[in-house]
Amino acid sequence: MRQYLDAKQQHRDAILFFRMGDFFEMFYEDALLAARTLELTLTSRSKDSAGGGIPMCGVPFHAADGYIARLVKKGFRVAICDQIEDPRKAKGIVKRAVVRVVTPGTFTDSSYLDSREPAFLMAVSRIDAKSGPTIGAALLDVSTGEFSATEYTGSDGLQAFADELAVLRPREVLVADAGDPMSRERSAAIDAMWPQIADAGLAMTRVDAWTFEFESARRALLEQLHTSGLEGFGLDRHAAAVSAAGALVHYLRSTQKADLAHVRSIAYRLRADALLVDPTTLKHLEIVEGSEGGRDGSLLNELDRTVTSMGSRLLRSWLLRPLLSLDAIRDRLDAVEELAFRTIERGKFRDIVKAVQDLERLTARTAMGTAGPRDVVALKASIAVIPRIRTVLSDLQAPLVRSLCS
């Protein structure tokens, strides 16, 4: 129980899954909350200092992901405290430590995520000046490694930021907490600073303010990207974006206890590169959701004939951010035209690519150490298909298609 209480002290805002043999157990308030939420049988263990039974409930180790998914969907954070040494070789009590903290924006289990949609985690920073506020926003899909950042400036930028939140709907948004996270006054002040997040009904997580400090954030980014400068990523003149991206990296390292090997690049998103379609227009035109909600009846549902989940997510992102650059539009249309007329090659390509499973998410789970045996086998089988895909595409001439083979 001393081990449990020490771990709980470090993660007071999370439900602690404490590994004991073949079960993850929960105690005290966590047990009461989990038993009610997950409909588990509540029991008791030993006695506390007052002689009363300690509330307790548990779930089988092999089925933990399903229970964690249910808790995360309801907005809870789950800290996983696992055994970090072999019980057969341990002298005395087996050593345990929190190996991962699961939150709405960091859970990568395939049974929890929609394979056709991204699962974004966002961090936002704010720099106020006489000319108006500059908001930095970093966006990362932990399940795929897609990492980008951008900035919004002035009053128009505030509206654009609100529109992006409503369109992208990140599962979790990180903001700086400069004081005691349990302070009601401090929480109210932070909520007032970010009305856009509250209005969108998104989950807001307050993290240490020092992680948003420019130098701290910059160092975290440089270390994560294995680089000596940010010029090549287009971030060298965007302090607010760097602050947000670095804070996001800090958060992931502290919660996932992993080096995030699949996150090796970041893109600076220029607002001039794509048309920002506001939420009202998206709704009325039924771009990604039909009139009844969901994909049925939407433009996306009519167009989506992709045979992989990666393709489905890419098509969705193209519809949400239509191109503005004439050269980029021509390159895409040239590729579409060639594939439309080269029916034999297109047919071969579709047949081959059906064997490719979700490489992005398989790679991410493997890099983070959460992949199971089936994931590793699926990753191997999907990679083995790549040479055949390159062979089929090598006969095509469109620049965008040829760039895929380089």
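In case you missed it, the structure is sitting above this.
Given the structure is predicted, the values throughout are model-derived calculations rather than measurements. (Residues numbered from 1 in each chain as written. Predicted model: local features only at pLDDT ≥ 70, side-chain atom pairs only at ≥ 80, totals over all residues. Heavy atoms only, no water.)

## Describing the packing of helix 13 (residues 343-353) against helix 15 (residues 373-393)
Using the following cut-off: Geometry is summarised by axes, namely lines fitted to C-alpha atoms with helices restricted to the contacting stretch, and by angles between N-to-C directions that run from 0 to 180 degrees. Going along the chain from the N terminus, every DSSP run of H or I of four or more residues is numbered as a helix, and every run of E of two or more is numbered as a strand. Each angle receives one of four descriptions, namely roughly parallel if under 35 degrees, roughly antiparallel if over 145, roughly perpendicular if within 65 to 115, and oblique otherwise. Whether two residues are in contact is decided by their heavy atoms, any of which lying within 4.5 Å being enough. Amino acid classes used here: Ala, Val, Leu, Ile, Met, Phe, Trp, Tyr, Cys and Pro are nonpolar; Asp, Glu, Lys and Arg are charged; the rest, including Gly, are polar.
Orientation of helix 13 relative to helix 15, taken along the N-to-C sense of each, is 170 degrees, at an axis distance of 10 Å. Judged by the inter-axis angle, helix 13 sits roughly antiparallel to helix 15. Residue-level inspection shows Glu 345, Lys 348, Phe 349, Ile 352 and Val 353 of helix 13 in contact with helix 15, the latter providing Val 385, Arg 388, Ile 389, Val 392 and Leu 393. Looking at the contact of helix 13 with helix 15 residue by residue, the classes come out as seven nonpolar, no polar and three charged.

## As for the packing of aromatic side chains
Threshold: Side-chain rings of Phe, Tyr and Trp (the six-membered ring for Trp) are treated as a pair once their centres are within 6.5 Å; stacked means planes under 30 degrees apart, edge-to-face means over 60, and tilted covers the remaining angles. A 1.4 Å probe rolled over the protein chains alone gives each residue an accessible area, and that area as a share of the maximum for its type sets the label: buried under 20%, exposed over 50%, partly exposed in between. Here, a charge over a ring means that NZ of Lys or CZ of Arg falls within 6 Å of the ring centre while also lying within 35 degrees of the ring normal.
Under the defined criterion, the tally for this structure stands at nine aromatic pairs. Pairing Phe 17 with Phe 24 gives two aromatic rings, centres 5.8 Å apart and planes at 45 degrees, and the pair type is tilted. Each member of the pair, Phe 17 as well as Phe 24, carries the same accessibility label: buried. Here the aromatic rings of Phe 18 and Phe 27 are separated by 6.5 Å at their centres, their planes lie at 70 degrees, and the arrangement is edge-to-face. No difference in accessibility class separates Phe 18 from Phe 27, as the two residues are buried. The structure contains a cluster of three or more aromatic residues connected by ring pairs, namely Tyr 4, Phe 18, Phe 27 and Tyr 28. Taking the ring centre of Phe 61 as reference, the NZ or CZ of Arg 19 above it sits at 3.7 Å. Just above the ring of Trp 318 sits the side chain of Arg 332; from NZ or CZ to the centre is 3.7 Å.

## Here we look at unusual backbone geometry
Even without being glycine, Tyr 28 reaches a positive phi, approximately 55 degrees. For Tyr 28, the location among the structural elements is in helix 2 (residues 28-38). Its relative accessible area of 24% is what places Tyr 28 among the partly exposed residues. Residues other than glycine seldom take positive phi values, yet Arg 169 does so here, at roughly 45 degrees. Residue placement: Arg 169 occurs in the loop between helix 4 (154-168) and strand 10 (172-177). Using a relative accessible area of 45% as the deciding quantity, one classes Arg 169 as partly exposed.

By themselves, these are just geometric observations and shouldn't be taken as functional.
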